[in-house]
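The chain contents come next:
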Amino acid sequence: MHEKIVQLKLKSNKDGKNYLTDTLDTDGIFRLIESVPSSKAEPFKLWLAQMGKERIDEIFDPEIAINRAIDYYRGRGYSDQWIETRLKGILDRKKLTDVWKENGIKQNYEYGILTNEIYQSWSGMKASEYKKYKDIRKESLRDNMTDIEVALTDLGEIATRELAKEHKPYGLKENRKIAKMGGHAAKVARDDIEKNLGKSVISKTNALNYKYLDFNKMEKKKLLKEQKDQKMKENNSME
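Residues numbered from 1 in each chain as written. Predicted model: local features only at pLDDT ≥ 70, side-chain atom pairs only at ≥ 80, totals over all residues. Heavy atoms only, no water.

1. Thoughts on the overall build of the protein chain
- What the protein chain contains, in helices and strands, is nine helices and two strands.
- For the protein chain, the succession of helices and strands along the chain, N to C, is β-β-α-α-α-α-α-α-α-α-α.
- Overall, the C-alpha framework of the protein chain stretches about 75 × 60 × 40 Å when taken along its three principal axes.
- The 239 residues of the protein chain split such that 28% are buried. (Helix = DSSP H or I, 4+ residues; strand = E, 2+ residues; numbered from the N terminus. Buried < 20%, exposed > 50% of the residue type's maximum accessible area, 1.4 Å probe, protein only.)

2. Observations regarding the environment of Ile33
- Inspection of the secondary structure puts Ile33 in helix H1 (residues 26–35).
- Judged by its relative accessible area of 18%, Ile33 is buried.
- The spatial distance from the C-alpha of Ile33 to the C-alpha of Lys225 is 41 Å, given a sequence separation of 192 residues.
- Excluding residues that lie within four positions of it along the chain, Ile33 makes contacts with Ala41, Phe44, Lys45 and Leu48. (Contact = heavy atoms within 4.5 Å.)

3. Notes on unusual backbone geometry
- The phi torsion at Asp135 lies on the positive side, around 60°, for a residue other than glycine.
- Relative to the helices and strands, Asp135 is located in the loop between helix H6 (127–133) and helix H7 (147–167).
- Despite not being glycine, Lys168 has its phi angle at roughly 50°, a positive value.
- Residue placement: Lys168 occurs in the loop between H7 and helix H8 (171–197).
- Relative accessible area serves as the criterion here: at 59%, Lys168 is assigned to the exposed category.

4. Examining the packing of aromatic side chains
- Summed over the entire model, instances satisfying the criterion amount to nine aromatic pairs.
- Ring geometry for Tyr72 versus Tyr73: centroids 5.4 Å apart, planes at 65°, classification edge-to-face.
- Assessed through its relative accessible area of 43%, Tyr72 is described here as partly exposed.
- With relative accessibility at 7%, the residue Tyr73 sits in the buried group.
- Ring-pair connections join several aromatic residues into one group, and the members of that group are Tyr72, Tyr73, Tyr78 and Trp82. (Phe/Tyr/Trp six-rings, centres within 6.5 Å; stacked < 30°, edge-to-face > 60°.)

5. Some words on the packing of helix H4 (residues 80–102) against helix H5 (residues 108–123)
- Packing of H4 against H5 brings their axes to within 12 Å, and their N-to-C directions diverge by 120°. Comparing the axis directions of H4 and H5 gives the class oblique. The two elements H4 and H5 meet at a crossing, and its hand is right-handed. Packed against H4, whose contacting residues are Arg93, Leu96, Thr97, Trp100 and Lys101, the element H5 presents Tyr111, Leu114, Thr115 and Ile118 at the interface.
- Tallied by class, residues from the contact of H4 with H5 come to five nonpolar, two polar and two charged. (Axes fitted to C-alpha atoms, helices over the stretch in contact; angles between N-to-C directions. Parallel < 35°, antiparallel > 145°, perpendicular 65-115°, else oblique. Left-handed = near helix turned anticlockwise from the far one by under 90°. Nonpolar A, V, L, I, M, F, W, Y, C, P; charged D, E, K, R; others polar.)

6. Here we look at helix H3 (residues 63–75)
- The first and last C-alpha atoms of H3 sit 18 Å apart over 13 residues, in line with the 18 Å expected at 1.5 Å per residue.
- Just beyond H3, the residue with positive phi is Gly77, at close to 95°. (Expected span 1.5 Å × (residues − 1).)

7. Regarding the pairing of strand S2 (residues 18–23)
- As defined by bridge partners, strand S1 (residues 6–11) adjoins S2 across six bridges and the pair is classed as antiparallel. Residue pairing across strands places Leu8 opposite Thr21, the latter belonging to S2.
- Linking two consecutive strands that pair antiparallel, namely S1 and S2, is a turn of six residues; a positive phi of about 75° is found at Gly16 within it. (Pairing = 2+ DSSP bridges.)

8. Let's talk about the nonpolar core
- In terms of nonpolar packing, the biggest core is built from 25 residues, with Trp100, Trp122 and Tyr130 touching the most fellow members.
- Elements with a contribution of two residues or more to this core: H4, H5, H7 and H8.
- Broken down by element, the residue count for this core peaks at five residues, all from H5.
- Excluding residues that lie within four positions of it along the chain, Tyr130 makes contacts with Tyr119, Trp122, Ser123, Met125, Leu141, Met145, Glu149 and Ile202. (Core = buried A, V, L, I, M, F, W, Y, C linked by side-chain atoms within 4.5 Å.)

Following this line, the structure appears as structure tokens:
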């Protein structure tokens, strides 16, 4: 467990200063909970056991996982039409990655590069930039897209898949060219839709019911307030 601990500078609620603090990732936190010899940790251990049981059940009956996903999306307020499109998009994405694998793509970073080529071609942003634009972090980008954004994403990937099957590129360099072509097909569709709508289909909205705190902005705002207060004190002392 000790080797998983990483020290990060975090702000103290007591004095507002930053101190080196022991932190763990999600896996490390679960390991820590399992190792705690206390009755207070028992509810968390039971929850982990239940989660493990559910995953095992899903291995024997994958439909359980699909139904769980549908219930999750419905609980978040998504329409059945959106859910159907989203699930179909997951299948289409799997078909695309299978084609990429056949065409010599093996490493995770290569899949990321090709995905970014598609996004960049039709939206003008990489996946990470798109997430930042929508103010999301670890959340799924597609789960926070509008119907049109999801459709354009799917179109770019389906076009890339069909082009790759036809031209049979091999390796990262050749597949990047095809990914750009697939993304361009979605860009043509986007341009046509926006021409008729008279506005952009790229939305800043997300489906989150919470907001992330921007500590840099908070610090800047606090500093400006302190400077303003200091200036007022100086002006008062001069009078």
